[in-house]
Amino acid sequence: MIENDSKLSIEKSASGRRALVFNARNKNGIKIPQHLLRDTEPLLPELSELEVIRHYTLLSHKNFSLDANFYPLGSCTMKYNPRINEIVSSLKNFEDLHPLSDDACAQGTLELLYHLEKALCEICAMDATTLTPAAGAHGEFTGAAIVKAYFENKGEKQRVQIVIPDSAHGTNPATSSMLGFETVEIKSNEKGQIDIETLKKALSERTAMLMLTIPNTLGIFEADIEKIVSIAHNSGVVVYMDGANMNALIGILKPGDMGIDLMHLNMHKTFSTPHGGGGPGAGAICVKKYLEPFLPVPRVIKEKGMFRTKSDCPLSIGKIKSFFGNTAVLIKSYAYILSHSNDSLSEISKNAIINANYLLKKLGKLYPPHNREYCMHECVLSCPEELLKNQVRTLDVAKRLLDFGLHAPTVYFPLIVKEALMIEPTETESKETLDAFIQAMQKIYEEGKYHPETLKKAPINLATKRMDETFAARNPDLRWESKKTCSSKV
Amino acid sequence: MPNAEEVKYTKTHEWVHVEGEIAVIGVSEHAQSEMGDIVFVELPKLGQNLEKEKPCAVIESVKSAFDVYSPLSGEVTEVNENLNSDPALINSSPLENGWIFKVKISNPDELNELMNLEKYREFVKQNA
Amino acid sequence: MYSANTKEDQTSMLKEIGVSSFEELIRQIPEKFLNPAFKFNDKALDEMQILKRFEELASKNTPPLNFVGAGAYERYVPAAVKYISQRGEFLTAYTPYQAEASQGLLQTIYEYQSLVCALFEMDVSNASLYDGATSLAEAVKAAVRITGKKEIICSNLLNPEYEKTIRTYVNGSCLITKLNSPNGVCETNTLNEKLESGNIACVIVQNPNFLGIIEDMPKISEITRSKGVLFIACADPVSLGLLKPPGAYEADFAVGEGQSLGLPLNFGGPYLGIFTCKKKYLRQMPGRIVGMTKDKEGKRGFVLTIQAREQHIRRNRASSNICSNEALCALMAGIYLTLLGPKGLRELALLNHNNALAALDKLTKNQKIKLRFARPFFNEFVVDLGTETSLLRKKILKEENIDIGLPLGFMGEEFRNCLLVCATETKNEEDFERLAGALEKNL
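Small disclaimer: the values here were computed from a predicted structure and weren't measured. (Residues numbered from 1 in each chain as written. Chains lettered and ligands numbered in written order. Predicted model: local features only at pLDDT ≥ 70, side-chain atom pairs only at ≥ 80, totals over all residues. Heavy atoms only, no water.)

### Concerning the sheet that holds strand E9 (residues 101–105) of chain B
Residues and elements named next belong to chain B. What counts, and what does not: By definition, two strands form a pair when at least two bridges between them are found by DSSP. A run of H or I in DSSP counts as a helix once it spans at least four residues, and a run of E counts as a strand once it spans at least two, with each numbered from the N terminus.
On the basis of which strands lie adjacent, the open sheet formed by six strands has the order E1-E2-E3-E9-E8-E5 and antiparallel pairing. At either margin of the open sheet sits one strand with a lone partner, and together these are strand E1 (8–9) and strand E5 (49–50). Bridging between strand E2 (residues 14–19) and strand E3 (residues 22–27) involves six bridges; their strand directions are antiparallel. Each bridged residue has a counterpart across the sheet, and for Trp 15 the counterpart in E3 is Gly 26.

### Overview of the domain arrangement of chain C
Residues and elements named next belong to chain C. To keep things clear, this is the line we draw: As annotated, the domain borders come from an automatic or database domain assignment. Residue contacts are defined here by distance: any two heavy atoms, one from each residue, within 4.5 Å place the two residues in contact. A quick way to say it: buried area is the sum, across both parts, of accessible area lost when two parts are put together, with a 1.4 Å probe. Any carboxyl oxygen of Asp or Glu that lies within 4 Å of a side-chain nitrogen of Lys or Arg is treated as forming a salt bridge with it.
Domain assignment breaks chain C into domain 1 (79–337) and domain 2 (342–442). Each of domain 1 and domain 2 was reduced to a C-alpha centroid, and the two centroids are 29 Å apart. With 20 residues of domain 1 at the interface, the matching set in domain 2 holds 22 residues. The contact between domain 1 and domain 2 buries some 1600 Å² in all, and 76% of this surface belongs to carbon and sulfur atoms. In terms of surface lost to domain 2, no three residues of domain 1 exceed Phe 210, Leu 211 and Leu 242, which account for 34% of the buried area on that side. For the interface between domain 1 and domain 2, the tally reads zero salt bridges.

### Structural notes on unusual backbone geometry
Residue and element names in this part refer to chain A. The linkage connecting Gly 279 with the following residue, Pro 280, adopts the cis geometry, with an omega of 5°. Of note, Pro 280 is situated in the loop between strand E6 (262–266) and strand E7 (283–287). Cis geometry marks the peptide bond from Ala 458 to Pro 459, where omega comes out at 0°. Summarising the element assignment, Pro 459 is placed in the loop between helix H14 (452–457) and helix H15 (469–474). If you check the backbone angles, Ser 272 has positive phi at about 70° while not being a glycine. For Ser 272, the location among the structural elements is in the loop between E6 and E7.

### Comments concerning helix H7 (residues 132–147) of chain C
All names here are of chain C. The cut-off we apply is this: Expected span, for any helix, means 1.5 Å times one less than how many residues it has. Under the scheme applied here, a residue whose accessible area is under 20% of the maximum for its type counts as buried, over 50% as exposed, and between as partly exposed, the area being computed with a 1.4 Å probe on protein chains only. Under the rule applied, a polar contact is a pair of N or O atoms within 3.5 Å (in protein, one hydrogen donor and one hydrogen acceptor; residues adjacent in sequence only if both atoms are side-chain atoms).
In this model, H7 (16 residues) spans 23 Å end to end at C-alpha, consistent with the 22 Å of a helix rising 1.5 Å per residue. Buried residues dominate H7, accounting for 13 of its 16 residues. For H7, the capping residue at the N-terminal end is Asp 131, with a side-chain oxygen 3.3 Å from the backbone nitrogen of Ala 133.

### Remarks on the interface of chain C and chain A
Where we set the bar: Gly counts as polar in this scheme, as do all residues outside two lists: the nonpolar Ala, Val, Leu, Ile, Met, Phe, Trp, Tyr, Cys and Pro, and the charged Asp, Glu, Lys and Arg.
Each side of the interface is counted separately: chain C has 196 residues, and chain A has 204 residues. In total, chain C and chain A occlude about 17600 Å² of area from one another, counting both sides; carbon and sulfur atoms represent 60% of this. Put simply, chain C and chain A have 17 salt bridges between them. Where Glu 161 of chain C meets Lys 319 of chain A, a salt bridge forms, and the shortest distance between an N and an O atom there is 2.6 Å. Counting every contact that joins chain C to chain A gives 108 residue pairs in polar contact (both at pLDDT 80 or more). It is helix H12 (residues 327–363) of chain C that provides the largest number of residues to the side of chain C that touches chain A, a total of 26 residues. The class makeup of the residues in the side of chain C that touches chain A is 97 nonpolar, 53 polar and 46 charged.

### Section: empty space enclosed by the protein
Residues and elements named next belong to chain C. Definition in use: Cavity: a set of points on a 1 Å grid over the protein atoms alone where a 1.4 Å probe fits but cannot get out. Pocket: an open set with protein on both sides within 12 Å along at least five of seven lines, its lining residues, like those of a cavity, having an atom within 4 Å of a point. Grid points are joined across faces, edges and corners, and a volume is the space filled by probe spheres set on the points.
Scanning all chains against the criterion turns up nine cavities of 30 Å³ or more. When its volume is computed, the largest cavity comes out at roughly 210 Å³. Lining the largest cavity are 21 residues, with Gly 71, Tyr 73, Gln 206, Pro 208 and Asp 236 positioned closest to its centre. Put simply, the parts of the chain that give the lining of the largest cavity at least two residues each are strand E5 (200–207), strand E6 (230–235) and strand E7 (253–257). Class assignment of the residues belonging to the lining of the largest cavity gives a composition of nine nonpolar, nine polar and three charged.

### Focus on the sheet that holds strand E4 (residues 38–42) of chain B
All names here are of chain B. Where we set the bar: Angles here are taken between N-to-C directions and fall from 0 to 180 degrees, while the axes themselves are lines fitted to C-alpha atoms, restricted in helices to the stretch in contact.
An order of E4-E6-E7 is seen for the three strands of this open sheet, with the pairing classed as antiparallel. Of all the strands in the sheet, the pair left with one neighbour each is E4 and strand E7 (65–69). Taken pair by pair, the neighbouring strands of this sheet meet at an average axis angle of 25°, ignoring direction. Inspection of the sheet shows E4 paired to strand E6 (residues 55–61) by four bridges, in the antiparallel sense. Its bridge partner being in E6, Glu 42 is matched across the sheet by Val 58.

### Things to note about the packing of H12 of chain C against helix H14 (residues 429–442) of chain C
Residues and elements named next belong to chain C. Operational definition: Take the far helix as your reference; a near helix turned counterclockwise from it by less than a right angle gives a left-handed crossing, and one turned clockwise gives a right-handed crossing.
The contact between H12 and H14 brings their axes to 9 Å, and the two run at 30°. Crossing geometry of H12 relative to H14 is assigned as right-handed. Touching Asn 355, Ala 358, Ala 359, Lys 362 and Leu 363 of H12 are Glu 429, Phe 432, Glu 433, Leu 435, Ala 436 and Leu 439, all from H14.

### Looking at the confidence of the model for chain C
Heads up, the condition is: Known as pLDDT, the predictor's per-residue confidence is scaled from 0 to 100.
Considering every residue of chain C, the mean pLDDT works out to 96; 100% of them sit at 70 or more. ipTM for the predicted complex: 0.98, alongside a pTM of 0.97.

### Some words on the pattern of salt bridges
One pass over the full model with this rule turns up 64 salt bridges over all chains. Arg 393 of chain C is the partner of Asp 403 of chain C in a salt bridge, and the nearest nitrogen-oxygen pair spans 2.7 Å. Of this pair, Asp 403 of chain C sits in strand E13 (residues 402–403) while Arg 393 of chain C sits in helix H13 (residues 389–400), and the two are ten residues apart along the sequence. Accessibility classification places Asp 403 of chain C together with Arg 393 of chain C in one group, the buried group. In the salt-bridge network here, residues are joined through shared partners; they are Arg 400, Asp 403, Lys 443 and Glu 447 of chain A.

### Concerning the pairing of E5 of chain C
Residue and element names in this part refer to chain C. Condition: The crossover handedness rule: strands pointing away from the viewer, path from first strand over the helix to second strand clockwise, crossover right-handed.
Burial within E5 is extensive, with eight of its eight residues counted as buried. In terms of strand pairing, strand E3 (residues 151–155) meets E5 through four bridges, oriented parallel. For Ile 152, the partnering residue across the bridge sits in E5 and is Cys 202. As paired elements, E5 and E6 share six bridges and run parallel to each other. Across the sheet, the residue bridging to Gln 206 is Cys 234, located in E6. Each parallel crossover has a hand, and for E5 linked through helix H10 (residues 217–226) to E6 it is right-handed.

Here is the structure:
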């Protein structure tokens, strides 16, 4: 078994072996000219069904997951993924629905999406929602396109800049460039917050949008938010909220009340849908009334008691992907919402904030926090000087955590914090789990101080030792090329 | 082959060695050590006209990307093709085998704005 | 309610933090914004009630006997695909940032990249994008970056959803010229003329095209590339069990909708954006890429690599803003292709092709129904019914719960009587009989 450990499926392949078979009905033959046909068989593995199942099952064993491990990745909101949501989203009549079906066949799905939009508007104090973006970054793209269309329609084409704090997720400036905006980065103050004077200088008649992450990536709420929004609005600038950190606010504050003009929500973060190893997600965009005409199509509307999709919207930015959004993901998030009531929604953020502050308090003694204030749903710490002196870096701390069966926090982000550890425990973790994490972090601190070589070697207990990422980047091996060349690599 | 004393430096950590009308350009020992293991270099194009202090090449390490700014204006006359197959040359030999490109100097006055080794060391110290 | 803390936990933790109430923790939030009232749901549903509510909603959907394809295809989803992709170890992991703790997932992505490259015969694949349309839009943006040119030639038989997505992605920064195809395929003469402009970044052709017809991709690619223009192929992955793969005609970029590889229809998502290109364009690729490497003991391992292209490093100069992609869908597609193997894939493609031929055969027994273009097709074809098709579609849907196909009137007056009919492996003779019968009755 161990020998087979990292064999690729292609290396287990045996010519003529079969798993899935389709009984052929080819009495009509092939009515396609020969020169347009494939003349070589693709290099796919040939395995029995058991071999396929075993291959993937063994691979699943070589993987940390939220189900099995504490997974405090900052900015990612790795909360529990309720299994009932998986069951309801895979009901046959949801799964079997073609996206170009007549609306009459899709009444259940459309009703659900309609009510999900309404619920998100209510949760965020916004007026309209689109559920079409496939992920958070896709939502940002949609939001920036909406704002571009809005200013073009208004005849203010000179607004070509987006102002973004230096603490922002990389997706913000990347989004800005994708739509041809210039990014104006503003420096955060020593507390990691927006400096009002710096902001004023950055805004001008050339600014289209201010993109804010609230709470920011340091887990801090912008205390000056009212002032910031009003300064932006006074310059005719639209205020966008990156809702990646909405798990800190849900139920205790509605972004629309603060004057936010549009925002995205990551359904796979705040609304509990599984991250799937890197997607699929879903990234709703919620807007104030004046931006609604620019939302992408199709929209979901209710007319004479029937639910309909509507694509005839003259000011719309158009399509951002084919068909509709990631419907199955949206269904899961709606089930999550309905498992909360008007009154219990705030329990989510309340517990997320308590858990994060508990970690901050306990770990802050050893790992210096960026900010001495209380945090929201996540906290940012750094690798201690005592460890850095011993050549131990944040990366080593992260790798050592894996040895304790704990996934590492987000590391080296935000970029404005040296040797950052960004920790987001979420509300679904128990005090006992947090205590185990604290203990491990304390032990790692001791090791770093007295036995730094242990940390440099980590992970020690995992089957896989530290990966050579430099080798990977210098010698890109991105696929198998033949069975033979692969086997020789084992 | 230049040595560290002979070459001139920019505030963005490039070095320049003048050979007649041609300037050879690379990044400093200090810069390469800050970058860590270099995995890829995006070279300027031959014949490309560079503007002083504008980005003209990119150096990638595993988890970062660094712009190289042209210290001088002028046309690119040669690029170090060896970096395509062995980008680590910048790590192992930043001032010799790890040179990046050569330009035909169009405005020799620009050379006066560069730092000598002593000044560069001071600059690095101040900005540490 | 999925929080873990009891009231006692909350109290003791607040005490340890050193505050007397939760409100102290959020005192930086202006008070007037706090504790708003909600009215989205009066009472939280328990698990049993959720199941009931969603079963009710699902029962309001009435998926018909479906002959619509047009970019999303009704597929048989093998049991093993569902079973494995629901394993919590895959389902509840995130992007494998810590390689040592995510070797399983990383290997599945490396294998996915390999399977896709094998199927498309292309050099490199990324770990997935959102869907076929956004993959194509990203390929167009890459082509514009590489060439520095701002004109795009696009077959008018590209899926209209894709064309619209490209328009949003380039957002006015490029000129999109459409290539007319009056005979159901790209006219190579017109292509030649349009290529004269000299400012063209790329040519985009879909195969099979939106009408289901197989294009002469080798010829179109040759013409395009001979003018120094990049060629982007948009290919249906299942069709590649039979058809020439994009690598065989040297496409510079090849993209496709991976939903066909074992994913349910799900009313539009999540789907799977397949993105491949020639090796020389590797650094223009958007999204995650997994590479094989070794650990420090020399043992084989896998990591995310070539990351300096990505938004978290390159920020405003990244190749794309994409972060979360469709990893779980890529896993499903990988399992699907592994289950099929080369033989299964060919069987599947043949079955699709034969079903379409059988459906056409059955339909054209009716004198009123005519094949619109006498050209080779894969699993979709256009018929002319001699009457306007969109009302007919609604009528038959209502009376028989059969969706006869996609009416093409939106493509122009000459298509108002046309219907795009799709037959995948999920259909059989009996289904074609029902379709033909329903049309017979109504024509």
